[in-house]
Amino acid sequence: GAPFYWDKTLGLGNRASTLASQSGAVGAPTITRRIMVSGADRHVVCFACNPLGETGQDLLMVRWSDQENPVDWTPTATNTSGSQRISSGSEIISAQKTRQEMLIWTDTSLHAMRFVGPPFTFSVSMLANNVSIIGPNAVTTVGDKVFWMDRENFYVYTGRIQVIPCTLLRYVFDSINLDQSFKCFAASNKMFDEVFWFYPSASSSEIDRYVKFNFTENTWDLGTLSRTAWIDYGIHNNPRACGQAGGTNFVYVHESGDDDDGSPMTAYIESADFDLGDGEQFMFVSRLIPDIDITSSDAEASVNYVLKTRNYPGDSLATNSTNAVKSNTQQTFLRSRSRQAALRIESSTTDITWTLGDLRLGVRPDGRR
């Protein structure tokens, strides 16, 4: 659509209007896919916009205004406006501002756009080929790191491009609706050093899942959550997000309190399967030593440790035992034989938070009885 301009000094009652309709506008773009202000040099930059003097959109065209002048887009000997067409790909998908440069993703490559000053103003260089991004909003910046999601991998850029090893890779990309990939978006949660990617599952046309990466611990987890937009804390004291529940739209305040507006919040974490000798032996689980810190106004508050087992990979996990554990629980005894097992830790009461340490299990090889 068209780029718009809004002037705060005219008051909140003043409506935004198109950039091309501003007083003194010269050659301003009338259609663009993305727009941002560059760093300290203060140029307005449009990505995938119409070339100067044309009305049709060129999906590889990048144009920028004169420095500190958002309405002058016609290059002259006395200004710094200009343009450059990306050399590879068929369309610009997204762009993201970093500390020293702007990154530009096409459908086949990643480029860096850097301010170099007169006479060229900006230079554009390719960083990598065969790297793209799944959607325009599937990228977020945390500090000096840029994280994004492609159609088959997750990446981070810190001056060089790296694939992020993901233990949930196949789960995500084997069950994603790529026809709705432009709805995917990334979000940061700086409180816990986390990056989310929200996406629609294969059976949904709207976002209903997320996958999350903790970049300090290098761990992944996933869940189901319907969110369509997210802003990290900064302007607000907590992250805020938009979503829909029961046909009603909401703005949610995240990381605030322990409950779901006064109702219990079902919280859990579940491990992957574990075994002995790659499942060649049956194992006997006899004891569990928890390491958990529980915070609650109820001195008797507890969480459940649920042991699930199966004997063959094709079987469904079945609950073997459920054990209520408090902060002062030293150990609990089990009697479980199986080829594979998984452990789930859960709570579903109000006014409770818990933090896990290192769990210990008493496990030994055992014959099948």
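What this report covers is the structure whose coordinates are included nearby.

Rules used throughout
Residues numbered from 1 in each chain as written. Predicted model: local features only at pLDDT ≥ 70, side-chain atom pairs only at ≥ 80, totals over all residues. Heavy atoms only, no water. Pairing = 2+ DSSP bridges. Helix = DSSP H or I, 4+ residues; strand = E, 2+ residues; numbered from the N terminus. Patch = residues over 30% accessible without salt bridge, like charges linked within 9 Å, V, L, I, M, F, W, Y side chains within 5 Å. Areas by Shrake-Rupley, 256 points an atom, 1.4 Å probe, with all protein chains shown as cover. Salt bridge = Lys/Arg side-chain N within 4 Å of Asp/Glu carboxyl O. Buried < 20%, exposed > 50% of the residue type's maximum accessible area, 1.4 Å probe, protein only. Disulfide = S-S within 2.5 Å. Core = buried A, V, L, I, M, F, W, Y, C linked by side-chain atoms within 4.5 Å. Contact = heavy atoms within 4.5 Å.

Here the focus is the pairing of strand E9 (residues 109-117). Two elements, strand E8 (residues 102-106) and E9, share 4 bridges in a ladder whose sense is antiparallel. By the bridge assignment for E9, Trp-105 is matched with Leu-110. The sheet contact formed by E9 and strand E10 (residues 121-129) spans 8 bridges and is antiparallel. Of the residues in E10, the one forming a bridge with Ser-109 is Asn-129. The hairpin turn running from E9 into E10, its antiparallel successor, is 3 residues long.

So, about a nonpolar patch on the surface. Together, Met-191, Phe-192 and Tyr-233 give the surface a local cluster of nonpolar side chains, amounting to about 260 Å² of exposed area. On the secondary structure map, Met-191 appears in the loop between strand E15 (185-189) and strand E16 (194-199). Taking the relative accessible area as the measure of exposure, Met-191 reaches 34% and is therefore partly exposed.

Scanning the model with the defined rule gives 15 salt bridges in all. Residues Asp-174 and Arg-170 are paired through a salt bridge, measuring 3.2 Å at the closest nitrogen-oxygen approach. Using a relative accessible area of 40% as the deciding quantity, one classes Arg-170 as partly exposed. In the salt-bridge network here, residues are joined through shared partners; they are Glu-270, Lys-308, Arg-344 and Glu-346.

A few words now on the state of the cysteines. Linking two cysteines covalently through their sulfur atoms gives a disulfide. Tallying each qualifying case throughout the model produces 0 disulfides. No disulfide involves Cys-184; its sulfur sits 14 Å from that of Cys-166, the nearest cysteine. The exposure class assigned to Cys-184 is buried, which follows from its relative accessible area of 0%. Cysteine Cys-242 shares no disulfide, and the gap to the nearest cysteine sulfur, in Cys-184, comes to 17 Å.

What follows concerns the nonpolar core. By size, the foremost hydrophobic cluster in this structure holds 36 residues, and its most contacted members are Phe-147, Trp-148, Met-149, Phe-154, Trp-197 and Trp-220. Only E8, E9, strand E11 (139-142), strand E12 (145-149), strand E13 (154-157), helix H1 (169-173), E16 and strand E17 (209-214) provide two or more residues apiece to this core. Those residues within four positions of Phe-147 in sequence are excluded, and the remaining contacts are Ala-138, Val-139, Thr-140, Val-142, Tyr-155, Val-156, Ile-164, Val-195, Trp-197, Phe-213 and Phe-215. In terms of nonpolar packing, the next biggest core, distinct from the first, is built from 16 residues, Ala-301, Leu-307, Val-325 and Ile-345 among them.

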